[in-house]
Amino acid sequence: MGNSASAQKGPLATANAGLSWRTQKKSDSTPSQDVIESTPEFTSAEIERLRRRFGRLAASQGDSGVSLQGFTRLPEFVGNPFAGRLFQLYDSNKDGFLGFEEFKEALTGFRRSQNAEEKCKLIFRVYDSDGDGVISAEDLFITLRMVVGRELSDTLLKDIVQSVIEGHDESGDGKLSLDEFRKLLSKGDFDTQFGCIS
């Protein structure tokens, strides 16, 4: 991943590359044995496809659910530096596996129909690596390091982080709240800069 193009787009643009993927639909015509109801996120047919997909992954994991290893093999997440972080976010009971509802919720965040506010909240949760409800310089450093690997020195990455925090921390607490982060995202073209889930 070359960082010259990323540097031209802004200090966080590089991180967005790691979140750029789309849920792929598969053609699957096996009829459902269960009555599947549609939800605002998925149609009945999509839920049935998710159940079959989940079943195949869970079966390969001993039917405990979908493990991190199985999750990262999904086409949506292969090679994505945030796959592990996303898995952690959706493994609500922290048992190391995603049950069907957790699996469905994880894929819901990446629907093209997801509104901008929900996208913003998901991206915020990814960047808030310690889960304390704010993005600190450390959170931002950790997240950006996941994306750029060792392409940037710690010094340069810390300078970028500091610049972002200073430029968008309106409260002066050295951290970004959800509202401050939302404003940061709104300063550019959301779907280009952070359209990671569009």
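Figured I'd write up the structure that's included with this text. (Residues numbered from 1 in each chain as written. Predicted model: local features only at pLDDT ≥ 70, side-chain atom pairs only at ≥ 80, totals over all residues. Heavy atoms only, no water.)

Comments concerning the overall build of the protein chain
Now for step 1: Within the protein chain, the regular secondary structure consists of 11 helices and four strands.
Now for step 2: Considering the protein chain as a whole, with its 198 residues, one finds that 45% of them fall into the buried category.
Now for step 3: Within the protein chain, residue pairs in contact and separated by at least 24 positions form 57% of the contacts whose partners lie at least 6 positions apart.
Now for step 4: Here the protein chain has roughly 10,200 Å² of accessible surface; of this, 49% comes from carbon and sulfur atoms. (Helix = DSSP H or I, 4+ residues; strand = E, 2+ residues; numbered from the N terminus. Buried < 20%, exposed > 50% of the residue type's maximum accessible area, 1.4 Å probe, protein only. Contact = heavy atoms within 4.5 Å. Areas by Shrake-Rupley, 256 points an atom, 1.4 Å probe, with all protein chains shown as cover.)

A few points about the packing of helix α5 (residues 83-90) against helix α7 (residues 116-127)
Now for step 1: Two elements in contact, α5 and α7, have axes separated by 10 Å at closest approach and are oriented at 105 degrees. Between α5 and α7, the angle falls in the class roughly perpendicular. Contacts between α5 and α7 involve Arg-85, Leu-86, Leu-89 and Tyr-90 from the first element and Leu-122, Arg-125 and Val-126 from the second.
Now for step 2: In the contact of α5 with α7, the residues fall into five nonpolar, no polar and two charged. (Axes fitted to C-alpha atoms, helices over the stretch in contact; angles between N-to-C directions. Parallel < 35°, antiparallel > 145°, perpendicular 65-115°, else oblique. Nonpolar A, V, L, I, M, F, W, Y, C, P; charged D, E, K, R; others polar.)

Some points on unusual backbone geometry
Now for step 1: One non-glycine residue, Lys-94, lies in positive phi territory at about 55 degrees.
Now for step 2: Relative to the helices and strands, Lys-94 resides in the loop between α5 and β2 (97-98).

A closer look at the nonpolar core
Now for step 1: Phe-71, Leu-86, Phe-103, Leu-140 and Phe-181 are the most contacted members of the largest nonpolar core, which totals 43 residues.
Now for step 2: Ranked by residue count, the leading element in this core is α7, at six residues.
Now for step 3: Once residues within four sequence positions are removed from consideration, Phe-103 is found in contact with Leu-50, Phe-54, Leu-57, Val-66, Leu-74 and Leu-98. (Core = buried A, V, L, I, M, F, W, Y, C linked by side-chain atoms within 4.5 Å.)

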